[in-house]
Amino acid sequence: MNNTSIKRNSIFIGIIILISIYLLREDILGNKVQFAGDARDQFLADKIVIRNSLYEGSLPLWSPFLMGGEPLLAKTQLGVISINSLLEFIMPNVYTTMLVNALIHLIILGIGMYFLARTVNLEPRFALISSIVCMLSSYVTSSIFYVTFQFVGLAFAPYVIMFTIKGIRNKEWIKYGVLAGVFLSLQFLEGAFEVFTFSAMIVVYILLFHLIGRNFIGRLIKSSLLGIIIIVVAIGISAIKFLPAIENANASQRQQPYDYETSLGSHITFKYFFPTLIDSRSITEPLKHPIKGTGNVEIGVLSAILILISIPNFKKKNYLLFLGLLIFGILMITDSPLVYALWKYFPYFNKQKHVIKAEFIFLLSASVLTAYGVYYLLSRIKSKKTSNFVYVTLVSLLIITSWGATYEVRMKKPYMELESVDIMKYMGEDKDMFRFKAYETNGIDWGTNYYSIYYNLRDIYGYVNLWQLEYLPQFLSVANSQPSKLFGMLNMKYLTSMQELNIDGFKLIKKFEDRLKDCKYDKDTIIDFYNSKNCPDYTHHRKAWGPYLYLNERFMPRAYVVENAVLILGKREIAKQVAFQFMLEQRFNPSDNVIIIGSESINKYNLDELKRYSSIILTEGTIDQNSIGLLRGYKDNGGMLLPDIINGKNTINNDEISKMWDLFSGNYTVADYKEINYNHYKAKFPAKAGNFVVLSEKFSVYPGWIAKSDSKRLEILNANVMNSAVYFGNKGGEIDFVYR
């Protein structure tokens, strides 16, 4: 690259940087937060946890703040190993980090589009047009802050395409295959799982397109080898997140594939083709935009016209590559045979929803084709002066008529709103270790993460997109039938409510002042966003302010020790149902015993292990003819067996259950439980406190957690379905719980 070329590229890259800064004009000084949405209420809250983890010197693997604790690194839509995380080390706060992260990714995207167009031999001035169309589209300008996980992945997509093309056409195909794999892995690591998936499909498309031409066998071999390199590199680098993400998904609501209609989800029909892909703005009100954009591509009418003008370029193979990619992109976001085939045969495609997420394929290809349209138009003009005038005019019109030129990202300083949540401020001053619940929250939507994490509060629920099925809906649905006891077992000390309640086991502590009485809404949305600095953007978030605060009188500590335990044996689903039945019994008291869900067969235990339990519950299939000796030995040592198989019984009656409860007495001993960091907790307890250390933690349902004492590995038992326990044998000591 000569000096003239470098200078010319530098000028155009400078323009790209200026456009990036312009798009962030609402937050150019940083320290602001966007209008409420997934990016703020869910992902920004998670980024605060990441920041806290990094500053305390630990890897951001686990978050204790939502859903009673959940994996953090394993979240596919969260960039833990990312540019954003690196910025946390040097930025003054998470809000400034968000701004700088957006700016960097905008510049990466713009430069990527520029050099992608240059890769297919478009001159620099035409390459700039592809950057302008892409960066100023509705998709990019509205997703910068509102659909961050898609936007950061999009920034790397041009590089995946560019290096795949270079790999196909260059002798240094191994180098370019590695580079394509690196940028593909960056998409996944940044939390853009859907963009990663669809970008992988673009790679497949390019490799198949290369097969067109002479020497089919040679082309097939090169495409295959290049594809293998890209896949190996991408999976190899992203394995640190990919493997735990698969494990997490398999325990979540996405463990089973979706049916076709659910997987198809949001998609484009012919009726909405134009407003979704071209422009949805009203002719009479072209400057009026929805608050958070439309979620559409909207490249603009002029860009669409230029794409039509570009069609005479069809004899150029580079042009055909992107024209085919445009068609591929349209097929991916419609109810097409291609989507059905992918749902049927492509790995993991049937475990994600809404094919509309592939609309960025149309955006990238349309941006390059627009540049081809300008190229063809100017190639018909012989006068250089006229050609330059037309070029400047077209660039100006593309900018002026774009979404990005007039779209306003609503942002405000966050602190007045956050500091006005008095009820959370009150709970935050309690130095005890506990969780809370908002009475109005009984699912994943409209959580109060954004506010509660600011006050270092841990929530029973949370605004998340992936959750453990045994926790939600199974355990929490059961807990709602006896909230004081069962939520208390989850360490829930406080309950907030927008209305006065009369629920057994909850005592009113205080009614806080109504700080939102002057907030005005229209159809649940704040009317005067900029001047309502302490008001939530939606009425749904008002629940964060209470104003009623209740104390749970059956609140259990985060860690405690009990003497007695009931062991339920059997298949997981059957054992869970039995455990739920026992926990709902009026006489079940978590302060004097713990219910352990064990193995499917009693033969997996030795007698010493069985003697730890005051009672053993047998369900179908847990014993065979080899079990009799164990059963007799257990009974002879004073254990209670239900049903009493030894005495010929096959069922359990209420009297026997009542006798079992009679075995238990006394109370728990509180353990000294400390949070070393989010991935490491330490429980310390005195001698003769009891046999079982019980934690109001979900460690037992996530295999990444281990327990150690004096360098000896201890088994973490599944307790009370969603608690954890360790047998320690009535002696004092301390246990470290570490997530890795």
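Residues numbered from 1 in each chain as written. Predicted model: local features only at pLDDT ≥ 70, side-chain atom pairs only at ≥ 80, totals over all residues. Heavy atoms only, no water.

### Side note on the overall build of the chain
Of regular secondary structure, the chain possesses 28 helices and 25 strands. Computed over C-alpha atoms, the radius of gyration of the chain comes to 30 Å, within 12% of the 27 Å expected from 2.2 N^0.38 for 740 residues, which places it in the range of a compact globule. Across its three principal directions, the C-alpha atoms of the chain cover 105 × 70 × 45 Å. Counting contacts in the chain only where the partners sit at least 6 residues apart, residues at least 24 apart contribute 77% of the total. With an accessible surface of roughly 30800 Å², the chain has 58% of that area assigned to carbon and sulfur atoms. Mean positive and mean negative side-chain charge positions of the chain (77 and 62 charges, respectively) differ by 11 Å. (Helix = DSSP H or I, 4+ residues; strand = E, 2+ residues; numbered from the N terminus. Rg over C-alpha atoms; globule rule 2.2 N^0.38 Å. Contact = heavy atoms within 4.5 Å. Areas by Shrake-Rupley, 256 points an atom, 1.4 Å probe, with all protein chains shown as cover. Lys, Arg positive; Asp, Glu negative; His and termini not counted. Charge placed at Lys NZ, Arg CZ, Asp CG, Glu CD.)

### Quick notes on the pattern of salt bridges
One pass over the full model with this rule turns up 28 salt bridges. Asp 422 serves as the salt-bridge partner of Arg 515, at 2.8 Å between the closest nitrogen and oxygen. With a gap of 93 residues between them, Arg 515 in the loop between strand E8 (506-511) and strand E9 (521-522) and Asp 422 in helix H21 (residues 422-428) connect regions that are remote in the sequence. For Asp 662, the salt bridge goes to Arg 587, with nearest N and O atoms at 2.5 Å. Highlighted residues: Asp 662 in helix H28 (residues 654-662) and Arg 587 in the loop between helix H25 (572-583) and strand E14 (593-597), separated in sequence by 75 residues. In this structure Arg 587 comes out as partly exposed when scored by relative accessible area, which is 40%. Because the salt bridges share partners, they merge into one network encompassing Arg 40, Asp 41, Lys 412, Glu 417 and Asp 537. (Salt bridge = Lys/Arg side-chain N within 4 Å of Asp/Glu carboxyl O. Buried < 20%, exposed > 50% of the residue type's maximum accessible area, 1.4 Å probe, protein only.)

### Some details on the state of the cysteines
With the rule as written, the count across this model stands at one disulfide. Residue Cys 519 pairs covalently with Cys 535 via a disulfide, S to S 2.0 Å. Linking Cys 519 and Cys 535, the disulfide has an S-S dihedral of approximately -85° and is accordingly described as left-handed. Remark: Cys 535 occurs in the loop between strand E10 (525-526) and strand E11 (548-552) and Cys 519 occurs in the loop between E8 and E9; sequence separation between them is 16 residues. (Disulfide = S-S within 2.5 Å.)

### Some points on the sheet that holds E14
Within a sheet, adjacent strands bond to each other through the backbone by hydrogen bonds, running parallel or antiparallel. Spatial ordering of the open sheet is given by E16-E15-E13-E14-E23-E24-E20-E12-E17, a layout of nine strands whose pairing is mixed. Unpaired on one side and paired on the other, strand E16 (640-642) and strand E17 (669-670) mark the two borders of the sheet. Sheet analysis places strand E13 (residues 564-569) next to E14, joined by five bridges and oriented parallel. Residue pairing for E14: Ala 565 is matched across the bridge by Val 594. The strands touched by helix H27 (residues 628-636) are strand E15 (615-618) and E16; relative to E16, the strand with the most contacts, the crossing angle is about 135°. Its contacts with the sheet put H28 on E13, E14, E15 and E16, and the angle it makes with E16 is roughly 150°. (Pairing = 2+ DSSP bridges. Axes fitted to C-alpha atoms, helices over the stretch in contact; angles between N-to-C directions.)

### Thoughts on the nonpolar core
Counting residues in hydrophobic clusters, the biggest one holds 227 residues, and the most contacted among them are Val 140, Phe 322, Phe 360, Met 424, Met 583, Met 660 and Phe 737. Among the nonpolar cores identified, the runner-up in size contains 23 residues, and Leu 567, Phe 692, Leu 717 and Ala 719 belong to it. (Core = buried A, V, L, I, M, F, W, Y, C linked by side-chain atoms within 4.5 Å.)

### Some words on the pairing of strand E7 (residues 492-497)
When a strand is regular, its side chains alternate between the sheet's two faces. Counting buried positions over the six residues of E7 gives six, a clear majority of the element. In this sheet, E11 lies alongside E7 in antiparallel orientation, the contact comprising four bridges. Residue pairing in the sheet places Thr 496 in a bridge with Leu 549 of E11.

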